[in-house]
Amino acid sequence: MAVTAPPIDIGISESQRQQIAEGLGRVLADSTVLYAKTHGFHWNVTGPMFNTLHLMFMEQYTELWTALDEIAERIRALGLPAPFGAQTYSTLSSIPETDGIPSAMAMVRELVEGHEAVARTIRGVFAIADAANDEPTADLLTQRLQIHEKTAWMLRSLLEG
Ligand SMILES: [Fe+2]
């Protein structure tokens, strides 16, 4: 007889694991939309700030790309499927797609709003993870919050005279 996997028994109830995974799915969707937006801005930015922004956006999309894997694999470790696909992400994400090609500073402004939107989504999910004593998720979300808030500050500084 084939050996089957035992039920997941990590001290977090199934309904809590589902709620946390659902929240992490929204963080993953926001992060993916923001990743793709940042990479698109890296390609399309123009103007006197080209070099600075082209490189800054590259650093930011590279960081976001790495984070996607961490978030998705935490969902898997909780025993739930990690959402994927452009349509799924656009349904789950709180960040709107960009219309056309914004000016360089409009790109910066849109990214400030994007990083702040992910921060808000994360704060909502943090409470659920915390209530379930899910330390690894709380730790991951704390790290993500720190990065999104720092990046929002750096981008915001470009807009302040
Ligand atoms: Fe590039």
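Heads up: these notes are all about the structure in this document. Given the structure is predicted, the values throughout are model-derived calculations rather than measurements.

1. Examining the overall build of the protein
The secondary structure content of the protein amounts to five helices and zero strands. In terms of overall dimensions, the protein has a C-alpha envelope of 65 × 30 × 25 Å along the principal axes. Looking at the protein residue by residue over its 161 residues, the buried ones come to 32%. Restricting to contacts in the protein with at least 6 residues of sequence separation, those with at least 24 account for 78%.

2. Thoughts on the nonpolar core
Generally speaking, nonpolar side chains in soluble globular proteins are found buried as a group. In terms of nonpolar packing, the biggest core is built from 23 residues, with Leu24, Val27, Leu34, Ile71, Ile122, Val125 and Leu141 touching the most fellow members. The set of elements that each furnish at least two residues to this core consists of α1 (14-44), α2 (50-77), α4 (104-131) and α5 (135-159). Here this core gets nine residues from one element, more than from any other, and that element is α1. Excluding residues that lie within four positions of it along the chain, Ile71 makes contacts with Leu24, Val27, Leu28, Ser31 and Leu140. Core analysis: the next-biggest nonpolar cluster, separate from the first, contains nine residues, Val45, Phe57, Met107 and Leu111 among them.

3. What about α4?
Compared with an ideal rise of 1.5 Å per residue, which puts 28 residues at 40 Å, α4 spans 42 Å between its outermost C-alpha atoms and is within 8% of the ideal. On the buried face of α4, the contacting elements are α1 and α5. Count one or two residues on from α4 and you reach Asn133, which has phi positive near 55 degrees.

4. Structural notes on the packing of α2 against α5
Contact pair α2 / α5: the axes reach a minimum separation of 11 Å and the direction vectors enclose 165 degrees. Taken as axis vectors, α2 and α5 run roughly antiparallel relative to one another. Relative to α5, the crossing made by α2 is left-handed. Side by side, α2 and α5 meet where Gln60, Glu63, Ala67, Glu70, Ile71 and Arg74 of the first sit next to Pro136, Thr137, Leu140, Arg144, Ile147 and Thr151 of the second. Here the contact of α2 with α5 is composed, by residue class, of five nonpolar, three polar and four charged.

5. Concerning unusual backbone geometry
Within the chain, Asn133 stands out as a residue other than glycine whose phi angle is a positive 55 degrees. Secondary-structure assignment places Asn133 in the loop between α4 and α5. On the basis of neighbour count, Asn133 is assigned to the exposed category, with 11 C-beta atoms found within 10 Å.

6. Notes on the environment of Ala72
With respect to the secondary-structure elements, Ala72 resides in helix α2. Placed 74 residues apart in sequence, Ala72 and Gln146 show a C-alpha to C-alpha distance of 19 Å. Ignoring anything within four residues of it in the chain, the contact list for Ala72 reads Leu28 and Ala82.

7. Regarding the packing of α4 against α5
Where α4 contacts α5, the axes come no closer than 8 Å and their chain directions differ by 160 degrees. In this view, α4 runs roughly antiparallel relative to α5, as classed from their interaxial angle. The two elements α4 and α5 cross, and the hand of that crossing is left-handed. Tallied by class, the residues present in the contact of α4 with α5 amount to 17 nonpolar, four polar and six charged.

8. Points about the environment of Ile8
Here Ile8 lies in the segment before α1. Here Ile8 falls in the partly exposed class, since 13 other C-beta atoms lie within 10 Å of it. Sequence separation of Ile8 and Leu78 is 70 residues, and the distance between their C-alpha atoms is 8.2 Å.

Rules of the game
Residues numbered from 1 in each chain as written. Predicted model: local features only at pLDDT ≥ 70, side-chain atom pairs only at ≥ 80, totals over all residues. Helix = DSSP H or I, 4+ residues; strand = E, 2+ residues; numbered from the N terminus. Buried ≥ 20, exposed ≤ 12 C-beta atoms within 10 Å, placed from the backbone. Contact = placed C-beta atoms within 7 Å. Core = buried A, V, L, I, M, F, W, Y, C linked by C-beta atoms within 7 Å. Expected span 1.5 Å × (residues − 1). Axes fitted to C-alpha atoms, helices over the stretch in contact; angles between N-to-C directions. Parallel < 35°, antiparallel > 145°, perpendicular 65-115°, else oblique. Left-handed = near helix turned anticlockwise from the far one by under 90°. Nonpolar A, V, L, I, M, F, W, Y, C, P; charged D, E, K, R; others polar.

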